[in-house]
Amino acid sequence: MDDSTRRLARARESALSGQRPAQVRPEVRASWDRARLQGVHPDRSLPPIELAADRVRGLQREHPMASVWPTLLGTLRDAATQPGHLIFASDSAGHLLWVMGDRSARSVAEGVHLVPGALWSEGKAGTSGVGTALALGRPFRVRGPEHFLSVAVDFTCSAAPIRNPVTGELLGAIDVTCPTRAANSLSLSLVAAAARLAEAHLGEQTRQQDERLRMRYLEHVMRHKGIHSALVGADGRVLHSSPGGWLPQRWPWPPREGPATLPDGRRVVFERLSASGPFAVHCTDGVDSTGEALLLHALGRDRAWIRLDGAAHELSARHSEIVVLLAAHPAGLTADALARQTYGQGGKTVTVRAEMTRLRRVLGYRLGSDPYRLLGQTVADFLSLDDALATEGVGELLDRYRGPLLPSSRAEGVEALRDRLHQRLRGKVLSHGDADAMTRWITTAHGRDDLPVRQALERTAISPM
């Protein structure tokens, strides 16, 4: 041990006994104070091994640091092969994910819990390369006795935090540790350079991923004419907006599917485009005046057909029922009410919410929540016919009536709408007394078994001229 290290050791002993020796760097002294406040004991504490082996293996595959670990290892390979040296990388909390070094160094490291899965944060291990670099947010070197734990005082650690340069998110840290007698003053510069290289690699990866997302989803997001729209990543970053600048560069909270409100009070809807993101975002303020009408055809069809923003879709039977019910209730329906009208008294709201998530992939920003409702103008054939019953002639009404509303549906709410419209039109045919209209009615699939209309037609045929 050289004289400088001996002085540090004496200063450490003085500090641990309650004194404040001048030989200790302010950053180290502050780190020791933080460790004491969090209950770390220099002689009785060891970093806990918090992550099981299978969890560590999962993180080694999935953590953002996984993609740059080969870059870090390649940059620091010379240090990794020197006797007594270790290279390790942690996540942002200080959990060690990768530990590399020769067999003898690994054996010593295992005795002090310097192994994958161990938590080397300041709150659990006191002053150390990884923990203090993460706490300070900058490269930092901890020399021998500057460590808070007594088991680590024979080692020198040089560590640097690693961030995603695009998002600024702290991802973890890289550390080179060796016996203090073999420490090199250039090790901190080398580790800092490796961290910068890894960040550059991460930045390029993020930019490439952003471009792939734009190429895949941008046409879908921008197809809504006249609507402020944007493509937002799962991390909240705005990847594209039209017009530019209507959203902040980053959404301030984790994006969630459904309605949200901007700080200025404008209402938006987030539409999940894939299981892990990204999201399409559409401003719903003013949608009535700027949005194109949603066209809905459900008469005489078991599966409704819609046209939205220039695209046609045939809905599933269940989604057909839901859209018809929402069109008939412009003020909206709660999940509970929609469950009853679709599935009956035993309907579950969780089932409705799952269906609405799937339906949002078709309707996008036009599907509102709390309560569920169709946003913007909706033109539905069964509603238009219902309105026309008071003003149009029976012939024109029959021209509109392609058949009962979703004839195969057994949803209670749809059955009620179907029966009401059918009986109102049938009543118009009977009250009008027109033979041609009654003939048209009984020659259709939905009217051929209608005995009262058939009898009325027969009376018309035998009545005197």
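Not measured: the values here are computed from a predicted model.

Some points on the overall build of the chain
In terms of regular secondary structure, the chain is built from 18 helices and 16 strands. Against the globule reference of 23 Å for 465 residues, the chain gives a C-alpha radius of gyration of 35 Å, more extended than a compact globule. Seen along its three principal axes, the alpha-carbon backbone of the chain occupies a region of about 130 × 45 × 40 Å. Across the 465 residues that make up the chain, the buried fraction comes to 48%. A separation threshold of at least 6 residues defines the contact pool for the chain, and within that pool the share at least 24 residues apart is 56%. Looking at the chain as shown, the accessible area adds up to about 22,400 Å², and 51% of this sits on carbon and sulfur atoms. Distance from the positive charge centre (59 side chains) to the negative charge centre (51 side chains) of the chain: 5 Å.

Brief notes about the sheet that holds strand β8 (residues 258–261)
If you walk across this open sheet you meet the five strands as β7-β6-β10-β9-β8, and the pairing is antiparallel. The sheet is open, and its two borders are formed by β7 (238–242) and β8, each paired with just one other strand. Averaged over all pairs of adjacent strands, the angle between strand axes in this sheet comes to 25°, irrespective of strand direction. Both strand β6 (residues 229–232) and strand β10 (residues 279–283) contribute to a ladder of four bridges, which runs antiparallel.

Some details on the side chain of Ser320
Positionally, Ser320 belongs in helix α11 (residues 317–328). Ignoring sequence-local partners within four residues, the contact set of Ser320 consists of Asp302, Arg303, Ala304, Leu315 and Leu406.

So, the UniProt feature "domain: GAF" (unreviewed entry) in the chain
When the UniProt feature table is mapped onto this chain, "domain: GAF" (unreviewed entry) is found at residues 109–201. Secondary structure content for residues 109–201 is 32% helix and 24% strand, and the end C-alpha separation is 29 Å.

Comments concerning helix α8 (residues 129–136)
Summarising burial for α8: six of the eight residues are buried, a large majority. Within α8, the full set of buried residues consists of Gly129, Val130, Gly131, Thr132, Ala133 and Leu134. If you check the start of α8, you find a side-chain oxygen 3.2 Å away from the backbone N of Gly131, and it comes from Ser128. A positive phi of about 75° marks Gly137, the residue just after α8.

With respect to the side chain of Arg418
For Arg418, the location among the structural elements is in helix α16 (residues 412–432). Among the residues examined, Arg418 registers a relative accessible area of 9% and is labelled buried. Of note is the side chain of Arg418, whose polar atom sits 2.6 Å from the backbone oxygen of Leu406. Setting aside its immediate chain neighbours within four residues, Arg418 contacts Pro404, Leu405, Leu406, Pro407, Ser408, Ser409 and Arg410.

Here we look at unusual backbone geometry
Ser242 connects to Pro243 through a cis peptide bond whose omega is -5°. Position of Pro243 relative to the elements: it lies in the loop between β7 and β8. Look at His113: it is not a glycine, yet its phi comes out positive at around 65°. The residue His113 is located in the loop between α6 (103–111) and α7 (122–125) in this model. Taking the relative accessible area as the measure of exposure, His113 reaches 24% and is therefore partly exposed. Not every positive phi belongs to a glycine, and Leu406 is a case in point at roughly 40°. Here Leu406 is to be found in the loop between α15 (394–400) and α16.

A look at the sheet that holds strand β4 (residues 155–163)
Overall, antiparallel pairing links the five strands, which are arranged β2-β1-β5-β4-β3 in an open sheet. This sheet does not close on itself; its edge strands, each paired only once, are β2 (96–101) and β3 (140–142). With direction set aside, neighbouring strand axes in the sheet form an average angle of 15°. The strands touched by helix α9 (residues 187–222) within the sheet are β3, β4 and β5 (170–179), with β4 carrying the most contacts at an inclination of about 20°.

About the cut-offs
- Residues numbered from 1 in each chain as written.
- Predicted model: local features only at pLDDT ≥ 70, side-chain atom pairs only at ≥ 80, totals over all residues.
- Heavy atoms only, no water.
- Helix = DSSP H or I, 4+ residues; strand = E, 2+ residues; numbered from the N terminus.
- Rg over C-alpha atoms; globule rule 2.2 N^0.38 Å.
- Buried < 20%, exposed > 50% of the residue type's maximum accessible area, 1.4 Å probe, protein only.
- Contact = heavy atoms within 4.5 Å.
- Areas by Shrake-Rupley, 256 points an atom, 1.4 Å probe, with all protein chains shown as cover.
- Lys, Arg positive; Asp, Glu negative; His and termini not counted.
- Charge placed at Lys NZ, Arg CZ, Asp CG, Glu CD.
- Pairing = 2+ DSSP bridges.
- Axes fitted to C-alpha atoms, helices over the stretch in contact; angles between N-to-C directions.
- UniProt positions renumbered as here; feature names shortened; annotations may be inferred.
- Polar contact = N/O pair within 3.5 Å; in protein donor to acceptor, adjacent residues only side chain to side chain.

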